[in-house]
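In case you want the letters, here they are:
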Amino acid sequence: MVDIDERDRKLVTAVPGFGGNIVATVVCTSGKPEMATVSPGTYEAKLSNKEATIIEETIPEGALRGRRIELMEKKTSPMPDLSRAEKVVVAGLGTGGDLELIKEFASLIGAAIGVTRPPLADMGLMPRDYQIGTTGVSLRAKTVFVFGASGAPHFVYGIRDCGTIVAVNTDKEAPIFENCDYCVVADLFDLLKVLIKEMRVVSDGISQEYNSYNEGNAEARGD
């Protein structure tokens with residue numbers, strides 16, 4: 001959350017801490033310039049016909065003396081932008097870092113993959129660009145499958161603007177069930193195996209029907 005104090009025009013931010021259990025109000029007291037950043041997907045881009053007002057500020061010459069400015073090069077992942085994905089499969093702590101079935105299921109439904117911070121992103125199993133929550137990406141997907149995430153506040157923040165959320169957890173009291181549309185109490189690996197098997201059967205059936213259709217058309221044309 002970002003705001004500007006109308007009295008002294010200072011930047012005011014609200015920063016969550018301890019897993020989102022507290023929110024600290026932070027004010028920059030060391031002077032200007034001030035800058036704030038937000039996580040990808042936090043705000044929806046909207047067109048506006050309003051004209052921006054340019055506010056010119058002067059920086060005292062002495063303020064820059066002794067300050068070291070270092071230019072940093074940002075490294076981005078070659079993978080697609082997760083904040084723009086329409087379907088996302090999220091892997092949480094309950095996966096234990098085993099993403100094989102998660103990736104296969106995501107591939108079958110044409111979804112992107114995201115992870116929770118502890119411990120999957122911290123373990124380096126996925127790039128930081130695919131970490132979901134207050135310290136990562138905020139999703140705006142139409143459909144999200146959450147496997148093995150307990151539902152900590154800092155993670156839920158990243159899925160609050162999604163459409164349909166399906167959560168899978170062995171703990172029926174898991175907080176994630178209070179923030180989803182469909183709750184599934186089950187072992188995520190057992191469920192994924194069943195889903196993948198059934199989807200393959202459906203996919204194979206469609207392929208056979210498509211091939212039979214093409215063969216029938218070829219015979220009718222005398223090919």
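Residues numbered from 1 in each chain as written. Predicted model: local features only at pLDDT ≥ 70, side-chain atom pairs only at ≥ 80, totals over all residues. Heavy atoms only, no water.

**A short note on the pattern of salt bridges**
Pairs may arise between side chains of opposite charge once their charged atoms sit close together. Stated formally: Just to be clear on terms, a salt bridge is a Lys or Arg side-chain nitrogen sitting within 4 Å of an Asp or Glu carboxyl oxygen. Accessible area is worked out with a 1.4 Å probe on protein chains only. A residue is then buried under 20% of its type maximum, exposed over 50%, and partly exposed in between.
The tally for this structure, following the rule as stated, stands at 6 salt bridges. Among the ionic pairs, Asp161 bridges to Arg160, the shortest N-O distance being 3.8 Å. On the accessibility criterion, Asp161 (32% relative accessible area) is partly exposed. Exposure remark for Arg160: the relative accessible area of 36% places this residue in the partly exposed category. Through salt bridges with shared partners, one network takes in Arg140, Arg160 and Asp161.

**A closer look at the nonpolar core**
Applicable threshold: Among buried residues, those of type Ala, Val, Leu, Ile, Met, Phe, Trp, Tyr and Cys that are joined through side-chain atoms within 4.5 Å constitute a nonpolar core. A helix here means a DSSP run of H or I that spans at least four residues, while a strand means a run of E at least two residues long, and both kinds are numbered starting from the N terminus. Contacts between residues were defined by any pair of non-hydrogen atoms, one from each residue, lying within 4.5 Å.
By size, the foremost hydrophobic cluster in this structure holds 42 residues, and its most contacted members are Leu139, Val144, Val146 and Phe155. Counting residues per element, the ones that place at least two in this core are strand 4 (87-91), helix 1 (100-109), strand 5 (112-115), helix 2 (117-121), strand 6 (143-147), helix 3 (153-156), strand 7 (164-169) and helix 4 (188-221). Tallying contributions element by element places helix 1 first for this core, with 5 residues. Sequence-distant contacts of Leu139, that is, excluding residues within four places in its chain, are made with Leu82, Val88, Ile132, Val144, Gly158, Ile159, Asp161 and Cys162.

**Examining the environment of Gly41**
As for its placement among the helices and strands, Gly41 is situated in the loop between strand 3 (22-27) and strand 4. When the C-alpha positions of Gly41 and Arg84 are compared, they lie 7.5 Å apart, and in sequence the two are 43 residues distant. Here Gly41 is in contact with Ser83, Ser138 and Arg140, once residues within four sequence places are set aside.

**A look at the sheet that holds strand 4**
Applicable threshold: When DSSP finds two or more bridges between a pair of strands, those strands are recorded as paired. Throughout, an axis means a line fitted to C-alpha atoms (over the contacting stretch in the case of helices), and angles, computed between N-to-C directions, take values from 0 to 180 degrees.
Reading across from one edge, 5-4-6-7-8 is the order of the 5 strands in this open sheet, with parallel pairing throughout. The strands lining the two open edges of the sheet, one partner per strand, are strand 5 and strand 8 (182-185). Sheet twist, expressed as the average angle between the axes of neighbouring strands with direction ignored, equals 20°. In the sheet, strand 4 pairs with strand 6 via 5 bridges, with the strands oriented parallel. Note that in strand 6 the partner of Ala91 across the bridge is Phe147. Contacts between helix 1 and the sheet are confined to strand 4, strand 5 and strand 6, with strand 4 contributing the most and set at about 175° to the helix.

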